[in-house]
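# Coordinate analysis (summary)
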Amino acid sequence: MAEQVPEVNTPARPAQHEKYPWPAPADATVLGKPLTRVDGPLKVSGRAIYAYDVQRPGLLHGRILRSPHPHARVVSVDIAAAQKAPGVKAALVVIQPGKPAMYQGDEIAAVAAETEEQAEDAVRLIKVEYEVLPHVALEDLAMRDGAPSVFEGGNIKSGEAQETGDLAAGFKAAAHTVEASYSTQVQTHVCLETHGCVCEWDGDKLTAWVSTQAVHGTREGFAEALQIPQTNVRVICEYMGGGFGSKFGPDSQGVVCARLSKQAAAPVKLMLDRKEEHLVSGNRPSSASKIKAGVAADGTLTAFDAETWGTGGAGVGASFPLPYIYVFPNRRRQHRDVYTNAGPARAFRAPGHPQGCFHTEMLMDELADRVRMDPVEFRIKNLPDEAPNRMWRKYFPIAAEKFGWSRRHPTGDPSSGPIKRGMGCAANQWGGGGRGTKAHVEVLPDGGVLVRCGTQDIGTGTRTIVAMVAAETLGLSYDAIKVEVGDSQFPFSGGSGGSTTAAAVTPAIRVTAGKALDALKERIAPKLGVPPAQLVARNGRIEVKDQASKGYAWKDACRLLGTEPVTVDAEWENGLSASGTSGVQFAEVEVDVETGVAKVSRIVCVQDCGLILDPMTAESQVYGGIVMGVNYALYEERILDRNTGQMVNPNMEWYHIAGMSDVPKIEVTLMNQPERGVIGLGEPPTISTAAAVANAVANAIGVRVRHLPLTPDRILNALAAQERAGGTL
Ligand code: MOS
């Protein structure tokens, strides 16, 4: 099943599209305006239908029985009693006897019943005999000599060592070296809407309402898993409550739901509960490093040597980019993926980048300290050359000025009292290019405009920017456009991953709406007695260029179509989008050295994403990314018991995420680059927050906590260790 983030290569700066270029910002009437979401009223009034909300006549409810053991062989599964339980209409075994359950939560069997409670009760009647096997749930246990094997062939998969330049010469040129270890936790997916779907069969045709980031990919996934033609599957996702990389396919619960529905000959809803969500719906893998790095007396980086590892659970890798952004001319890195008996990793908002950013940016501050340079000046000195997708040299000073970086005290807040304040910074980069989307535009005789595209709005505002692009192209206001997305029967668009959606979808809309307008002009021009090329669409009118009085109001123009609408199908073309974003973030924190509680008070962010279509939805992406980054810095952590391998916080009470009072003041400066065309923004803003926060905490308390999340125990332990070592506060 497609769970990878799509990789897309488009240039950093495209040639302008010849026929339908983006308007210059000064000429745009819709694009670049901070417009609220077209579906905002539906969402806030509860009328938007999510998979969770889908109701069908005779709807049954599915539940899955899951392995309580992190590692066990399933000897037998007996569903007879469950099948006879009240209300039960279908039951099936998911795992074949003899096969191992690889982590707590692995699927064993499932039932569908008339009510959720009956399904819950019936699941308890399933009898499973397990042969419990030795397990290793944590990477340090898995890496020990003689550790039980998760898979045959051992728990460690070593990558090739990557080496560039002359490491020995690099260390020889160093005036100072830093040796340090850093690590980050496993972060589980906590989409507000959990994973799941409603499945309904009509003969051999399946309709599935799925909470998904990819309606077409999920159609493919269902067809493959159920061995039915793709033409027999329709996937619908009108609204969904977040995916962040975890929702690209039907998943096993989707396939189970479809099979239960088939067996019961009735529609079935199967949504995961929060515990299942934490256990099986994917996570950001852990990361750990042992790094030795060198810096010359003038602050030039000379060498970088790292051993890294991490766990993506049962069978998934844990790679991350390192070093991140800054230029270490001589470097070596050796990475190992460690397998454990724990829920497998998945793509997670900017996969790998927050980890690579944290390790590198922590190291950068330590190296800057050695040469007694200001951390911002030190970073700028060691950045790669500027390019449209590498603008940090420009952004660092802008953000530093806005933030008030000059007020930063040397490491260790000298003020008296328990609250210590500190400042830190970090940079980010991402791709965000996209392509390969098709669209359908209809201009109807009553003036209505329908835009259909088989993309999906995963909460980012896709419907809104689609409406805006069509409106800009047709000279209308954005609420005059009817946008339909989220259905595999609409023209193809890829999964909404890798921040590819805006750059994949909006050029397709621009081209298709442009062609629809051309077709409309062809049909109107004879009535005005001018060539079609002399007509323009603006201010809700079709009129002759330089002769505004000669023309029609949009509705009157469309009425001339008679009974036959304009319909155009077209697709993404080069010249309207690009790839490669850059940004920087500055964080200010307050740490209570008596309780160890850290709080982020402020984040200042400078970020680009090419041509900014809607500053309001774009800023909203940055807010969301930063809040997620604050969570990664301070709160979120999957905690597995060393001995039992059980997750001890699989809920939203003990798996902490920020509440309203934990959200800092966030100041966003978006850098518009209209000449680059559209670039996605979903992922970059979450990359550098945790690194900036961790550097700020070190600056506040005068001791570096090198492991995320920065919980009170880690902060107090670091302070105590420093005191034992004779340091002062
Ligand atoms: Mo994402 S991790 O590209 O949905």
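What counts and how
Residues numbered from 1 in each chain as written. Predicted model: local features only at pLDDT ≥ 70, side-chain atom pairs only at ≥ 80, totals over all residues. Heavy atoms only, no water. Helix = DSSP H or I, 4+ residues; strand = E, 2+ residues; numbered from the N terminus. Rg over C-alpha atoms; globule rule 2.2 N^0.38 Å. Buried < 20%, exposed > 50% of the residue type's maximum accessible area, 1.4 Å probe, protein only. Contact = heavy atoms within 4.5 Å. Salt bridge = Lys/Arg side-chain N within 4 Å of Asp/Glu carboxyl O. Patch = residues over 30% accessible without salt bridge, like charges linked within 9 Å, V, L, I, M, F, W, Y side chains within 5 Å. Areas by Shrake-Rupley, 256 points an atom, 1.4 Å probe, with all protein chains shown as cover. Phe/Tyr/Trp six-rings, centres within 6.5 Å; stacked < 30°, edge-to-face > 60°. Lys NZ or Arg CZ within 6 Å of the ring centre and 35° of its normal. Domains from an automatic or database assignment. Buried area = accessible area lost by both parts, 1.4 Å probe. Pairing = 2+ DSSP bridges. Axes fitted to C-alpha atoms, helices over the stretch in contact; angles between N-to-C directions. 1 Å grid on protein atoms, 1.4 Å probe; cavity = no way out; pocket = protein on both sides within 12 Å on 5 of 7 lines; lining within 4 Å. Points joined across faces, edges and corners; volume = space filled by probe spheres on them. Nonpolar A, V, L, I, M, F, W, Y, C, P; charged D, E, K, R; others polar.

Broken down by element type, the chain carries 17 helices and 29 strands. Scaling as 2.2 N^0.38, a compact globule of 729 residues should have a C-alpha radius of gyration of about 27 Å, and the chain matches this with 28 Å. Along the longest, intermediate and shortest principal axes, the C-alpha atoms of the chain span 90 × 70 × 50 Å. Looking at the chain residue by residue over its 729 residues, the buried ones come to 60%. For the chain, restricting intrachain contacts to residue pairs at least 6 apart in sequence, the fraction spanning at least 24 positions comes to 80%.

Before going further, it helps to examine the pattern of salt bridges. The full count for this structure, using the stated rule, is 34 salt bridges. For the salt bridge of Glu 543 with Arg 538, the shortest nitrogen-to-oxygen distance reads 2.6 Å. Linked through salt bridges whose partners overlap, the residues forming this network are Arg 63, Arg 66, Glu 107, Glu 120, Asp 273 and Glu 276.

Together, Leu 192, Met 652 and Ile 657 make up a nonpolar patch on the protein surface, roughly 290 Å² of accessible area in all. Within the secondary structure, Leu 192 sits in the loop between strand E10 (187–188) and strand E11 (196–202).

The full count for this structure, using the stated rule, is eight aromatic pairs. A ring pair is formed by Tyr 50 and Tyr 239, whose centres lie 6.0 Å apart and whose planes are at 40 degrees; its orientation type is tilted. Taken together, the residues span a long stretch of sequence, with Tyr 50 in the loop between helix H1 (40–44) and strand E1 (60–66) and Tyr 239 in the loop between strand E13 (233–236) and helix H7 (251–264) at a distance of 189 residues. Residue Tyr 50 is classed as partly exposed on the basis of its relative accessible area, which comes to 22%. Using a relative accessible area of 7% as the deciding quantity, one classes Tyr 239 as buried. Relative to Phe 358, the ring of Tyr 182 has its centre 6.5 Å away and its plane inclined at 85 degrees; by these criteria the two rings are edge-to-face. Here Phe 358 lies in helix H9 (residues 353–370) and Tyr 182 lies in strand E9 (residues 176–184), a separation of 176 residues in the sequence. Sitting above the plane of the Phe 171 ring, Lys 292 keeps its charged end 4.6 Å from the centroid. Looking at Arg 333, its charged tip hangs above the ring of Phe 320, at a distance of 4.6 Å from the centre.

A few words on unusual backbone geometry. For the bond running from Leu 322 to Pro 323, omega is -10 degrees, close enough to zero to count as cis. Examined against the element boundaries, Pro 323 turns out to sit in the loop between strand E17 (301–311) and strand E18 (330–338). Cis geometry marks the peptide bond from Leu 708 to Pro 709, where omega comes out at -10 degrees. Relative to the elements of secondary structure, Pro 709 occurs in the loop between helix H16 (689–701) and helix H17 (712–724). Although it is not a glycine, Asp 251 sits at a positive phi angle of roughly 65 degrees. Here Asp 251 shows up in helix H7. For Asp 251, a relative accessible area of 3% corresponds to the buried category.

Moving on to the domain arrangement of the chain. According to the domain assignment, the chain contains domain 1 (51–66 + 72–133 + 195–271), domain 2 (283–432 + 578–725) and domain 3 (436–571). The C-alpha centroid of domain 3 is placed 41 Å from the C-alpha centroid of domain 2. Across the contact, 14 residues belong to domain 2 and twelve residues belong to domain 3. Carbon and sulfur atoms supply 61% of the area that domain 2 and domain 3 bury against each other, a total of about 860 Å² over both sides. The interface formed by domain 2 and domain 3 contains zero salt bridges.

With that settled, the discussion passes to the sheet that holds strand E25 (residues 547–553). An order of E23-E24-E25 is seen for the three strands of this open sheet, with the pairing classed as antiparallel. Looking at strand neighbours, the two that pair on one side only are strand E23 (535–538) and E25, the edges of this open sheet. Each neighbouring strand pair of the sheet contributes to a mean axis angle of 35 degrees, computed without reference to strand direction. With four bridges joining them, E23 and strand E24 (residues 541–544) adopt antiparallel strand pairing. Its bridge partner being in E24, Ala 537 is matched across the sheet by Ile 542. Across the sheet, helix H13 (residues 501–528) is in contact with E23, E24 and E25; its angle to E23 comes to roughly 120 degrees.

So, about the environment of Ile 64. By the secondary structure assignment, Ile 64 is in strand E1. Looking at Ile 64, the relative accessible area reads 6%, which means it is buried. With 61 residues separating them along the chain, Ile 64 and Leu 125 place their C-alpha atoms 12 Å apart.

The topology assignment puts Val 584 in strand E27 (residues 581–592). Sequence separation between Val 584 and Leu 474 is 110 residues; the distance between their C-alpha atoms is 36 Å. Setting aside anything within four residues of it in sequence, one finds Val 584 in contact with Trp 392, Tyr 395, Phe 396, Ala 399, Ala 426, Ala 427, Asn 428, Val 604, Cys 605 and Val 606.

Sizing a probe to match a water molecule and rolling it over the atoms shows the empty space that remains. Counted by the stated rule, this structure contains three cavities of 30 Å³ or more. Roughly 60 Å³ of internal volume is contained in the largest cavity. If you trace the largest cavity, you find it lined by His 195, Gly 196, Cys 197, Val 210, Ser 211, Lys 247, Gly 249, Pro 250, Asp 251, Gln 253 and Gly 254. Sorting the residues of the lining of the largest cavity by element identifies E11 and H7 as the ones contributing at least two each. In terms of residues, the lining of the largest cavity owes the most to one element, H7, which gives three residues. Here the residues of the lining of the largest cavity are counted per class, giving three nonpolar, six polar and two charged. By volume, the second largest cavity is sized at about 40 Å³. Class assignment for the residues of the lining of the second largest cavity results in five nonpolar, four polar and one charged.

Let us now look at the sheet that holds E1. Read from one edge of the open sheet, seven strands run E3-E5-E1-E14-E11-E12-E13, paired in mixed fashion. Only two strands of the sheet have a single partner each, and these edge strands are strand E3 (88–93) and E13. For this sheet the average axis-to-axis angle between neighbouring strands, irrespective of direction, equals 20 degrees. Across six bridges, E11 lies against strand E12 (residues 205–210) in antiparallel orientation. Along E12, the bridge assignment pairs Trp 201 with Leu 206. Packing against the sheet, helix H3 (residues 116–124) makes contact with E1, E3 and strand E5 (107–113), and its axis sits at approximately 25 degrees to E1. H7 contacts E1, E3, E5, E11, E12 and strand E14 (268–271) of the sheet and is inclined by roughly 130 degrees relative to E3.

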